[in-house]
Structure formats: structure tokens, C-alpha cells
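# Structure at a glance
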Amino acid sequence: ATCCRRLARVQDYVFYQKNPILPGLYLCFVSGGFYIFAMFAFPFLPFHPDQPWGISSYHKTNAFIVIGGCLFIFYRAMYSGIITEQN
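Residues numbered from 1 in each chain as written. Predicted model: local features only at pLDDT ≥ 70, side-chain atom pairs only at ≥ 80, totals over all residues. Heavy atoms only, no water.

### Considering the packing of aromatic side chains
The description of two aromatic rings rests on the distance between their centres and on the angle between their planes. One pass over the full model with this rule turns up six aromatic pairs. Between Phe34 and Phe42, the ring centres sit 6.4 Å apart and the planes meet at 85°, which makes this aromatic pair edge-to-face. Just as Phe34 is buried, Phe42 falls in that class too. Put simply, the rings of Phe34, Phe37, Phe42 and Phe64 touch in pairs and so form one group of aromatic residues. (Phe/Tyr/Trp six-rings, centres within 6.5 Å; stacked < 30°, edge-to-face > 60°. Buried < 20%, exposed > 50% of the residue type's maximum accessible area, 1.4 Å probe, protein only.)

### Let's talk about a nonpolar patch on the surface
Together, Tyr13, Phe15, Tyr16, Ile21, Leu22, Leu25 and Phe29 give the surface a local cluster of nonpolar side chains, amounting to about 770 Å² of exposed area. Secondary-structure elements contributing two or more residues to the nonpolar patch are helix H1 (2–16) and helix H2 (21–40). For the nonpolar patch, the element with the most residues is H2, which contributes four residues. Within the element layout of this structure, Leu25 appears in helix H2. On the basis of relative accessible area, Leu25 is assigned to the partly exposed category, the value being 41%. (Patch = residues over 30% accessible without salt bridge, like charges linked within 9 Å, V, L, I, M, F, W, Y side chains within 5 Å. Areas by Shrake-Rupley, 256 points an atom, 1.4 Å probe, with all protein chains shown as cover. Salt bridge = Lys/Arg side-chain N within 4 Å of Asp/Glu carboxyl O. Helix = DSSP H or I, 4+ residues; strand = E, 2+ residues; numbered from the N terminus.)

What follows is the structure, given as C-alpha cells:
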């Protein structure tokens, strides 16, 4: 019974109370995934705007803008409050 109560308290803390666990995991996954993409995929992108199969160089810049917007929206949503049935 004590183990079940502890597990219920941990579940309540992780999923229903403000804590740094899930936001930290989200930031690690998003920033880590983008870092891996930027390090390993960017060198293989064909930046040849004069060819029909190539892409323009602004696509690399746009990737940083999009990930920055994603992290900014996450930051704003993180401090917006708690979702309840009333709102």
C-alpha cells in the first residue's frame, strides 16, 4: 500500500503539478533533435538555387527561425497557467 501511494504521489507530481521534468525533457528532445539535424543533415542539403533540384540558402536560415519560434511559443505556454475544466 505504501508503494502504491508513493507511485500515486510521483504520478501526481509529474503530470498534474508544475515541475521542471516534462519541460526539461521537451527542451532536450527539441534542441537535441535540431542539433543533430543541423550537424548531420545540413551538409547534405543541395544548396543550388540555379538548379531545379536544389534549394536556396534561405532554407537553412528558416530552420533556425522555425525552431526559435517553436521554443518561444513553448516558453510562453509554459507560464500561461494550468488547464482546468473551467477554462
